[in-house]
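# Understanding the architecture of this molecule
Listed here are the chains, written in short residue letters.
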Amino acid sequence: MDHFRFVPHRFTDDFEEAEFTQPNKAGRISSFTSKIKGGHHMPEFWPNKADSSAIGKFPRVKELSRVFSEDYDVVDVEILDPRGTLVNSWNKIFLVACLVSLFVDPLIFYLPRASRDFCIHMSIPLEVTLTVIRSVVDAFYVIQIFVRFRTAYVAPSSRVFGRGELILDRSKIASRYIRRNFWPELVASLPLPQVLMWLVIPNLRGSTVVTSKNLVRFIIIFQYLLRLYLLFPLSSQIVNATGVVTQTAWASAAYNLVLFMLASHVLGASWYLLSVERQEECWKKVCDEAKLPFCHYWYLDCSSTGDSSRASWVQSSNISGVCNPDGGSFQFGIYADALTHGVTDSRFFNKYFYCLWWGLRNL
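Residues numbered from 1 in each chain as written. Predicted model: local features only at pLDDT ≥ 70, side-chain atom pairs only at ≥ 80, totals over all residues. Heavy atoms only, no water.

## Quick look at the pairing of strand 4 (residues 112–115)
Here strand 4 runs beside strand 5 (residues 119–122); their pairing, made up of four bridges, is antiparallel. Bridging from a neighbouring strand, Ser115 pairs with Cys119 of strand 5. Counted along the chain from strand 4 to the antiparallel partner strand 5, the turn is three residues long, and its residue Phe118 has a positive phi close to 60°. (Pairing = 2+ DSSP bridges. Helix = DSSP H or I, 4+ residues; strand = E, 2+ residues; numbered from the N terminus.)

If you want it as structure tokens, here you go:
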């Protein structure tokens, strides 16, 4: 056999796609897709006549030294690496924002203040401060949603000890995120307390005021529990990336102490709100028992203190004696301590630290 001729298989007309990824130091992944058109023939190779060693062997195919730019369709996409330093740093920043949010929301319970004139009013300076801080924290939740839409994930089929092939397709990332945590994080980012403080609570009037207050309380608690729930997968993500939430033992001890203080903070704020409502319940009881002059529930709002009929009702009723926690006929239960020490009519920092101490003592 003098000649040996080998003709490789031709390329098809279909596009062959190859996806290349390159993570950088910051944790971003730049990916591009190259498409090589078919329809070109592979060159034919013949071994040299003098090269007898090539007989019966698979010939070596030369590598293409040049690729034309028109054969490539390059698409630059910047996707975040879930195990990179950039995502890990953002998760820690967002964790701090979540803790701040969990501390801010219970402060809404300190808005009502029981006056010595037997009425309740809202603290406007505290309301403005909480609105500003809560709006800043809500911005972090909105940024978190955009970050999650640009963060790759490990394909479950290729996962081996937490490692595996990263999925960089934006449509797949968005579809997976929407199916899992998008809706809880979207509801958690809504400024519901701000809307309730400025639009709903000031308009609570009439016979449905009790039902409206319960609805407001339910909405605030629901969003609070939702944000508390989102804290656990975030902590797990940080642990999976770095092994621990904090790098030092002191930071870990401080983190656990913050969680314990958070529990006492929530308990104390709830106790304060229920103390104010218990005191208001006693005033409503006196109002229901009034004969002449007649009493209306809007008398319990401090905006009515200048009304002459309200002043007549206060003078004719025995509201100070009935609603006295020390010797009155109304039972205040565990809330009597707040009324005895005047917590419901104190300045913010005085009642806050007292309620925080009450929560720590009972925990």
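## Some thoughts on a nonpolar patch on the surface
On the surface, Val96, Val100, Met122, Ile124, Val128, Val132, Ile133, Val136, Val195, Trp198 and Leu199 cluster together into a nonpolar patch covering about 910 Å² of accessible area. Where the nonpolar patch is concerned, the elements lending two or more residues are helix 1 (85–104), helix 2 (124–149) and helix 5 (192–200). Per-element accounting of the nonpolar patch gives the leading share, five residues, to helix 2. Structurally, the position occupied by Trp198 is in helix 5. (Patch = residues over 30% accessible without salt bridge, like charges linked within 9 Å, V, L, I, M, F, W, Y side chains within 5 Å. Areas by Shrake-Rupley, 256 points an atom, 1.4 Å probe, with all protein chains shown as cover. Salt bridge = Lys/Arg side-chain N within 4 Å of Asp/Glu carboxyl O.)

## Section: the packing of aromatic side chains
Considering all chains together, one arrives at 22 aromatic pairs under this definition. Both rings, one in Phe348 and one in Tyr352, keep their centres 5.9 Å apart while their planes meet at 20°; by these two values the pair is stacked. Of the two residues, Phe348 and Tyr352 both sit in helix 11 (residues 348–362), four residues apart, roughly one turn of that helix. A residue is classified by how much of its surface remains accessible, and Phe348, at 24% relative accessible area, is partly exposed. An aromatic cluster of at least three residues, connected via ring pairs, comprises Tyr110, Tyr272, Phe348, Phe349, Tyr352 and Phe353. (Phe/Tyr/Trp six-rings, centres within 6.5 Å; stacked < 30°, edge-to-face > 60°. Buried < 20%, exposed > 50% of the residue type's maximum accessible area, 1.4 Å probe, protein only.)

## Some remarks on the UniProt feature "transmembrane region" (unreviewed entry) in the chain
Per the UniProt record, "transmembrane region" (unreviewed entry) is found at residues 93–112, 124–147, 216–234 and 254–274. Taken end to end, residues 216–234 has its terminal C-alpha atoms 28 Å apart, with 100% of it in helix and 0% in strand. This span, residues 254–274, is 100% helix and 0% strand, and a straight line between its end C-alpha atoms measures 30 Å. (UniProt positions renumbered as here; feature names shortened; annotations may be inferred.)

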